[in-house]
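What follows is the residue order along each chain.
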Amino acid sequence: MASASSSEVKAIDKRTVHQICSGQVVLSLAVAVKELVENSLDAGATCVEVKLKDHGLELVEVADNGSGVAPANFAALTLKHHTSKLSEFDDLLTVSTFGFRGEALSSLCALSDLVVTTCHRTQSVATRIEYDSNGHIKSQTNCAREVGTTISLHNLFHSLPVRCKEFQRNIKKEFSRMVQMLQGYCLISTGVRISCCNHTGKGKRQVVLATSGGSSVKENIVSVFGQKQLQLCVELRECEREEVEVGEGEESDPVIQDALKSFRLAGYVSRCAHGSGRSTVDRQYYYCNGRPFELPRLSKTVNEVYHTYNRHQSPFVVLDIQTRRDHVDVNVTPDKRKVILQQEKALLLLVKGSLHKIYRSMQGEYEATSVGRQPGPGILASGDQQVSPEVPLHPPPPPTSLWSRLPSLKRPSSHEDSENGDLCSSSPRPKRMLIYYLLLWYW
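What counts and how
Residues numbered from 1 in each chain as written. Predicted model: local features only at pLDDT ≥ 70, side-chain atom pairs only at ≥ 80, totals over all residues. Heavy atoms only, no water. UniProt positions renumbered as here; feature names shortened; annotations may be inferred. Pairing = 2+ DSSP bridges. Helix = DSSP H or I, 4+ residues; strand = E, 2+ residues; numbered from the N terminus. Axes fitted to C-alpha atoms, helices over the stretch in contact; angles between N-to-C directions. Contact = heavy atoms within 4.5 Å. Salt bridge = Lys/Arg side-chain N within 4 Å of Asp/Glu carboxyl O. Buried < 20%, exposed > 50% of the residue type's maximum accessible area, 1.4 Å probe, protein only.

Where an unreviewed UniProt entry is consulted, the protein appears under the name Mismatch repair endonuclease PMS2, with the organism given as Geodia barretti. Recorded in UniProt for the protein, the comment headed Sequence similarities (unreviewed entry) runs: "Belongs to the DNA mismatch repair MutL/HexB family."

The eight strands are arranged β5-β4-β3-β6-β2-β1-β7-β8 in an open sheet whose pairing can be described as mixed. A single partner strand is all that each edge strand has here, and the edge strands are β5 (137-143) and β8 (205-210). Direction aside, neighbouring strands of the sheet carry axes that sit 15° apart on average. Pairing between strand β3 (residues 113-119) and strand β4 (residues 126-131): four bridges, direction antiparallel. Bridging across to β4, T118 finds its partner in T127. Relative to the sheet, helix α3 (residues 104-111) contacts β3, β4 and β6 (148-154), its axis offset from that of β3 by approximately 135°.

Any two side chains of opposite charge can pair, so long as their charged atoms come close to each other. This model, assessed by the stated rule, comprises eleven salt bridges. Two residues, E38 and K34, come together in a salt bridge whose shortest N-O distance is 3.3 Å. With E38 and K34 both in helix α2 (residues 29-42) and four residues apart, the pair spans about one turn of that helix. Each member of the pair E38 and K34 is classed as buried. In this structure, D326 and R324 form a salt bridge, with 2.7 Å as the shortest nitrogen-oxygen distance. Through salt bridges that share partners, K34, E35, E38 and K336 make up one connected network.

Given below as structure tokens:
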């Protein structure tokens, strides 16, 4: 170990650099699964199976039916910054694949025991390859497998003691975040069957997620969250430019107007009626050109507009933003979840205007329905007060005289009192009626 007082500047050895950088690329179980699933989707797979043992503590495995890995690429598959997605920096402006940095598999080699089983579409026999922590081949044997690739990760984060302990201690939370992340890919990946199962130590197999390979996002919503969730949603499309509320002086700004035309919105969002939303923001999925991403200002805008119409709930959101690829910088963080959008302000104005247009029209439908329907028992009137035929909304004012509330009873005269005595004491029926009306008046 170098002395703390040493002032000599030296290069860090490659093995140490590899371990340091790997911990920045793969931060959690969700990121590890994300990288493997993205590789499968980039390989053209139509079926992706995610398998975990003990919630990922023992094993994380992703299998697909993609094109497989050619034998010529076995050695370079897990080396740092080796990729087939791009060859020069300018390719980033047009990249359409999920991955492009060539860091994921190399980092996973440093954080786990990685095994690849693959069969290329040009090969008749599959190959099982074990890699060491530096991404070099340890062993290579032939095996049986259909065309596609299976990547297995054993003992994830074993090389990082602190992170490994935190991973074991919070494994249930890590697993939940992984499932939520996987749901995002299930929704946007049309024509692809994605499943996830967990195997416990007792040999039980629990299917956590399974889609049917729907041809549209609408079908995928039903596969992941059920028909009821879809019924509580409305389709979201961009509004006309004239319907966007821009700031003063921006109506004639050609930059803003051109930026509004460069975005297209597609997706689904919760209706604004109470009960259609959710108590948390756990089901909000945003995409840019089909790539899952995070944009805090966009999420804030969507929730603020929704709270204008439903203040007690948050919306379910599946929103895909289509724009020119050279207007998006996807190379911001290693996990590629954060992006920089050109003319982000115009996008927020467009989303805000589109949501207001949807909810205002729905609000008008609700008002028209309530006006055309006569309130009856159990139906709320426009004043939000319960209407009942038996109990009045407001109690009547107390009468000035008890006898004014008893029209059916004749007030006795003094002569009748002398002959018949007190009405309340000599006649039991009027006495009961008088008590009844006294109680009614008191109420």
